[in-house]
Amino acid sequence: MPIVAQTSKFSTFGRPVLAWGVGLLFFFPIFWMVLTSFKTDADAVKPENLVFFTPTLENYFNMVENYDYWRFARNSIITAVSATIFTLFVSIPAAYSMAFNPSRATKDILMWMLSTKMLPAAAVLYPMIFLAKGIGLYDTHILIITVLSLINLPIAIWMLFTYFKEIPRDIIEAGKMDGVNTWGEIKEILIPLAWGGIASTALLVFIFCWNEAYWTVRLTTIDAATLSKLIEGNRAPEGLFFGRLSAVSTAAVGPIVVLGWFCQKQLVQGLTFGAVK
């Protein structure tokens, strides 16, 4: 009986406290970044102004007026949304084919796609730059959208494949007996049934595209530069401008944090029903 009482007490108080502790641990860097964004560059490096300081919006005004923030934000929206749409356009038919018309090579293809995520990005960086410059696509939206789509295709196909496998095959077979073609099966049967998984996949792909920094920084200069490029530009030979850097980072992270907060229910449902099983 004492053991049962202790277990019940831990479940009632210990787990919530542990969960809140882990949550605060992960949230603290974001909180500190936002706090630092309201400091001047001088105050950001002074130990006496670590917690107590005079807040200022100077960094945000400077970001909008001198750094052309809205151009970088527009590029981020264009590339992230376009790459997400293109990724879904390719991954939905691919996952459908593998889930409902598997072949002997389906598992090998899935493993091969997953193995591409293990390739170091630095190994193909310079060939990618030379190729992009050779065909005139360097620093263009088309190049960034293509690269982001290719990076996220394996994840999207794997998620949708595992989600589609949960749909009874009899439903698809019934559609075939009614004379529905392949595109009709995807459009009229599969997408409505798998809408939760598709939405969660789209959210994750969009987040990955928005947060991608390695490729967007190295494959752009001005025209197609995203917020990651703007963040990377807040450094100089003298060091980092922590106040301005925190303001730009907050403005870049803010939209995706808000999106994840409002869509967390759909995201968790999609992950736990499809990708994790």
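Bear in mind that the values here come from a model prediction, so they are computed numbers and not experimental data.

(A) Representation of the overall build of the chain in the model. Each helix and strand in the chain was counted, giving 14 helices and two strands. Buried positions account for 37% of the 277 residues belonging to the chain. Carbon together with sulfur atoms contributes 71% to the accessible area of the chain, which is approximately 16,600 Å² in total.

(B) Highlighting the environment of Leu 143. On the secondary structure map, Leu 143 appears in helix H7 (residues 141-164). In sequence terms Leu 143 and Leu 219 are 76 residues apart; their C-alpha atoms lie 8.1 Å from each other. With residues up to four places along the chain from it excluded, the contact list for Leu 143 reads Ala 132, Leu 137, Tyr 138 and Leu 219.

(C) Structural detail: the pattern of salt bridges. The full count for this structure, using the stated rule, is two salt bridges. The salt bridge involving Arg 244 is made with Asp 41; its shortest N-O contact spans 2.8 Å. Taken together, the residues Arg 244 in helix H13 (residues 242-262) and Asp 41 in helix H2 (residues 41-44) connect sequence positions 203 residues apart. Salt-bridge contacts for Arg 71 lead to Asp 68; the nearest nitrogen and oxygen are separated by 2.8 Å.

(D) Structural view of a nonpolar patch on the surface. A grouping of Trp 20, Leu 24, Phe 27, Phe 28, Ile 30, Phe 31, Val 34 and Val 257 is seen on the molecular surface, where their side chains present a nonpolar patch of about 780 Å² in accessible area. In terms of residues, the nonpolar patch owes the most to one element, helix H1 (residues 2-37), which gives seven residues. Mapped onto the fold, Phe 27 is located in helix H1.

(E) Spotlight on unusual backbone geometry. Of note, the phi angle at Asp 68 is positive, near 55°, even though the residue is not glycine. Turning to its location among the elements, Asp 68 is positioned in the loop between helix H3 (58-66) and helix H4 (69-100). Exposure remark for Asp 68: the relative accessible area of 36% places this residue in the partly exposed category. For Asp 139, which is not glycine, the phi dihedral falls at a positive 60°. Considering the arrangement of structural elements, one finds Asp 139 in the loop between helix H6 (121-134) and H7.

(F) Summary view of the side chain of Lys 39. Its location among the elements puts Lys 39 in the loop between H1 and H2. Buried Lys 39, no salt bridge; nearest opposite-charge side chain is Asp 43, N-O distance 8.1 Å. Within the structure, the side chain of Lys 39 is placed 3.1 Å from the backbone oxygen of Asn 49, a separation counted as a polar contact. Other than its neighbours up to four places away in sequence, Lys 39 contacts Trp 32, Ala 44, Asn 49, Leu 50, Phe 53, Thr 56, Asn 59 and Gly 243.

(G) Spatial organisation of the packing of aromatic side chains. Going through the model one piece at a time under the given rule, you end up with seven aromatic pairs. With a centroid separation of 6.3 Å and an interplanar angle of 45°, the aromatic rings of Phe 28 and Phe 31 are classed as tilted. Taken together, the positions of Phe 28 and Phe 31, both in helix H1 and three residues apart, correspond to about one turn of that helix. Taking 5.4 Å as the distance between ring centres and 85° as the angle between the ring planes, the aromatic pair formed by Tyr 214 and Trp 215 counts as edge-to-face. For Tyr 214, a relative accessible area of 25% translates into the label partly exposed. Taken together through their ring pairs, the aromatic side chains of Phe 28, Phe 31 and Trp 32 make up a single cluster.

(H) Structural view of the packing of H4 against helix H9 (residues 182-193). Where H4 meets H9, the axes come as close as 11 Å, and the angle between the chain directions of the two elements is 100°. In terms of orientation, H4 lies roughly perpendicular with respect to H9. Contacts between H4 and H9 involve Ile 92, Pro 93, Tyr 96 and Phe 100 on the former and, on the latter, Thr 182, Glu 185, Ile 186 and Leu 190. Tallied by class, the residues present in the contact of H4 with H9 amount to six nonpolar, one polar and one charged.

Each value, and the rule that gives it
- Residues numbered from 1 in each chain as written.
- Predicted model: local features only at pLDDT ≥ 70, side-chain atom pairs only at ≥ 80, totals over all residues.
- Heavy atoms only, no water.
- Helix = DSSP H or I, 4+ residues; strand = E, 2+ residues; numbered from the N terminus.
- Buried < 20%, exposed > 50% of the residue type's maximum accessible area, 1.4 Å probe, protein only.
- Areas by Shrake-Rupley, 256 points an atom, 1.4 Å probe, with all protein chains shown as cover.
- Contact = heavy atoms within 4.5 Å.
- Salt bridge = Lys/Arg side-chain N within 4 Å of Asp/Glu carboxyl O.
- Patch = residues over 30% accessible without salt bridge, like charges linked within 9 Å, V, L, I, M, F, W, Y side chains within 5 Å.
- Lys, Arg positive; Asp, Glu negative; His and termini not counted.
- Polar contact = N/O pair within 3.5 Å; in protein donor to acceptor, adjacent residues only side chain to side chain.
- Phe/Tyr/Trp six-rings, centres within 6.5 Å; stacked < 30°, edge-to-face > 60°.
- Axes fitted to C-alpha atoms, helices over the stretch in contact; angles between N-to-C directions.
- Parallel < 35°, antiparallel > 145°, perpendicular 65-115°, else oblique.
- Nonpolar A, V, L, I, M, F, W, Y, C, P; charged D, E, K, R; others polar.

Keep in mind these numbers describe shape, not what the thing actually does.
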